[in-house]
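Chain by chain, the residues run as shown.
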Amino acid sequence: MTSMDFNSEFGSGEYGPISFTPTDARLTKSVEAELKLENSPTTNKPRKPLMHPSWYSNNNPNSVGSIGSQVSATLEDDSEIHEDVNHSVLNGDLPRLSITFNRHKYYSRLVEPTDNRLQIPNHVLPSSLFHIIPTTSTDKQSSLVTIFAIWNTMMGTSLLSMPWGLGQAGFTFGVVIIVLTGCLTLYTAYRVLQSKDFIDGEVFEFSDVCKFYLGRCGEWIAVIFALITFLGGMMVYWVLMSNFMYVTGIFIHNKTMPTNVSVFNSSVPDLLCPSGQPLPDNGSSLMALEYSKESDLFERVWNSKWTVPVFLAILVFPLLNFKSPTFFTKFNCLGTLSVFFLLALVTTKAVTWGWNFEFHLTTNSTDQYLPQFRPTFPALTGMLSLAFFLHNAVITIVKNNRHPENNVRDLGLGYLLAALTYLSVGILFYGSFPLPKSCIASNLLENLSTVDPFAAGARVFLLFQMMTVFPLLAYMYRVNALYALFHTAWPGRLHVICVNLSILLICVLVAMFYPHIGDIIRYSGALCGLVYIFCLPSVVYMLSRKQSGNLTVLDIIFHSTIIVLGVLNFIAQFIIQPSK
C-alpha cells in the first residue's frame, strides 16, 4: 500500500491530509502537520471518553473517538478519570491522538495481526490516555511485623518439648544452655543475613550465597539439608496430629458413651505419667491406665499406633495436591494464637499446681528434686538447634522490612522473644509439675488427661492449626525438591502425587514405629543445625573475608570452634540415652 493509498483509505478526516510513511521526510511533514493542527479550532462534536490505551476499533476507523471504544468495563463509571482525559483532549491533545493512532494503524498493517513487534510502546502514547491513581504501597512491613514474623517462624513443635528438654539438661544448666544456644544461633543467623551483601545482584535465599562461594555443590548441600529440616518438621507434626486426633476421639467417645475409666482419690486428677514411673502413695495418684477399659471394638478401630495415623493420611492427602497454597496461608495467624493459647494453658496449670520442686536432695523430696546438671544435656542442645532454626528463611523474612537499617536489631529482638517464650514454658511447667519430674513427657500435653477440658481444647485447636500448616510444609518441601530436580515447581500431577505419597508414607511409618517427638526433634535439629547453623554460615563468612583480604587468625579460630561445637552436638545425640 502506498502512502497515497493509505491517505485515501483512512482519509484526513477533519484535520487534512497527513502522511505516515516511515521516512525522515514523511515524519517531518507529520510533525509539521501536527503543529499546524494544534492551532486549528476543533469542531464541536460528540466525544467519547478515552479511558484506556485500547488500540482501535474497526467499526469507524476515521473516528478518533473509536480509540476508547474497546476498554475495560470496570473504568466506565470513573467520572473523574473521564473528566481528566476529556479535558486534556479539549485542550489540544485530540490532533496529537489522531496522528499517533493512525501511525500505529499503519505500522500494524506491516506485520501479521498476531505479531506484536511493531506495537506502539506505552511511553509513546500521549499522557492524556493515562490517569495516575494514588495508592498506598503494601509491599513493605514495619519493624514490629518483622520481629513477630521472626518469632512466629521459630515457634513450633519444640515449644511442647521444652519442659522435657529442660529436665534432660538439669534446671540451672538447661536455662544456661537455652540462653547460650540462642546467642550462638543469633550470631550465625546474623552472618547469614549479612552474607547477601557480599555478592552483587539479588539474593533470594542463603543457598544463592552458598552457590556463589562454594559452587553448585554448596547450593545442593544447602537445599538438601533445608529439605531434611522440612521433613523433620513434618514428621513431628504428624506424630502430634495423630496423638491429638486420637485423644480427641477418646474425649468425644467418653462424653457420648458410658466409660469405665476411673479416677482415684487424687489432688491432681488431671495428670498422667506416660513413662510408667511408679507414683508415691500420698493421695496424689494417677488416673487409671489411660484407656484400658475401653471397648474392644473401639480400641481396634481407633488405635493410636496402627489406625489413627492412616485415617489422618486419608484426611490430609487431598489437601497436599493443591497447585497453590494460598488458601492455607490465610490461617497463618493461627500459629500465633496457638502459642498464646499454650502459654495461657501452662500459666494456668502452674498457678493451679503451685511450685513443686526442691533444690536440695532429701529422703522426703526425691520426687520433686531438681538436678542442676545432667549428662544427657545434649538432648536439649539438639532440640534447640531446631527450635532456633531460622537460617533458611531469614533473608526472605527481612527483605520487605520498611527500614532495612534495623534488620539486625529486629533479628535480635525476634530471637529474644523466642528465647523468653521457650524459657517461660519450660520453667513454668517443669517447676510446677506436681508428679515426679521423670514423668514429664516429650509432649507436655501427654501429661494432661483426656477429661481435662482445657487440655482437650488445646489439642483440638492445635490439631486444626497443624492441619493448615502441614500442607504448607509439604508444599515447600515439594517445590524445593521438584525445582532442584526438574527446574520447575510443577513438572506434572503424577510427579506431585508421588512426592506427596512418599511424604505421607514416611510420616505414617514414623508415627507407627517411632512416635517420640523429642528424639525426632533433637536428631533432625542436630543434623540440620550442623550444616545450616554451624558450618555454612561460618565457612561463607571466612571465604568472604579471605576474598576481601581481611581474614584474621582470630576469625579462623572463632568460627572453627563454632563448627566443632556443631559436630560434637551431632555426635552426642547417638551417645546419650535420654528418657522418652
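Residues numbered from 1 in each chain as written. Predicted model: local features only at pLDDT ≥ 70, side-chain atom pairs only at ≥ 80, totals over all residues. Heavy atoms only, no water.

**Re the state of the cysteines**
To keep things clear, this is the line we draw: We call a pair of cysteine sulfur atoms a disulfide whenever their separation is within 2.5 Å. Each helix is a run of DSSP H or I of at least 4 residues and each strand a run of E of at least 2, with the numbering of both proceeding from the N terminus. Burial here depends on accessible area, computed with a 1.4 Å probe over protein chains only, as a share of the maximum for the residue type. Under 20% is buried, over 50% is exposed, and the range in between is partly exposed.
On inspection of all chains with the given rule, the structure shows one disulfide. Note on cysteine connectivity: cysteine 273 is disulfide-linked to cysteine 439, with sulfurs 2.0 Å apart. The sign of the S-S torsion, about -85°, decides the handedness of the disulfide formed by cysteine 273 and cysteine 439: left-handed. Note that cysteine 273 is positioned in the loop between α7 (206-256) and α8 (296-301) and cysteine 439 in the loop between α14 (407-432) and α15 (453-486), a separation of 166 residues in sequence. Under the relative-accessibility criterion, cysteine 439 is labelled buried at 1%.

**Some thoughts on a nonpolar patch on the surface**
To keep it simple, the criterion reads: What makes a patch is a set of residues exposed beyond 30% relative accessible area and free of salt bridges, joined within 9 Å when like-charged and within 5 Å when nonpolar (Val, Leu, Ile, Met, Phe, Trp, Tyr). Here the accessible surface of atoms and residues is derived via Shrake-Rupley with a 1.4 Å probe, and residues count as covered only by protein chains that are part of the display. Whenever Lys or Arg places a side-chain nitrogen within 4 Å of a carboxyl oxygen from Asp or Glu, that contact is recorded as a salt bridge.
Residues Leu297, Val301, Val310, Phe311 and Ile314 make up a contiguous nonpolar surface patch of about 440 Å² in total accessible area. Looking at the nonpolar patch, the elements that each hand over two or more residues are α8 and α9 (308-316). For the nonpolar patch, the element with the highest residue contribution is α9, accounting for three residues. Considering the arrangement of structural elements, one finds leucine 297 in helix α8. Leucine 297 gets classed as exposed once you look at its relative accessible area, which sits at 56%.

**Overview of the nonpolar core**
Formally: Residues enter a nonpolar core if they are buried and are Ala, Val, Leu, Ile, Met, Phe, Trp, Tyr or Cys, with the set joined through side-chain atoms within 4.5 Å. Contacts are assigned to residue pairs that have any heavy atoms within 4.5 Å of one another.
Of all hydrophobic cores here, the largest spans 121 residues; its most connected members are Phe206, Met234, Trp238, Phe388, Tyr422, Leu445 and Phe470. Considering each element in turn, this core owes the most residues, 24 residues, to α7. In contact with tyrosine 422, other than residues within four places in its own chain, are Met154, Met155, Leu159, Met162, Ala387 and Phe388.

**Side note on helix α12 (residues 378-387)**
When you tally the buried positions in α12, you get ten out of ten residues, the bulk of the element. For α12, every residue scored as buried is listed here: Pro378, Ala379, Leu380, Thr381, Gly382, Met383, Leu384, Ser385, Leu386 and Ala387.

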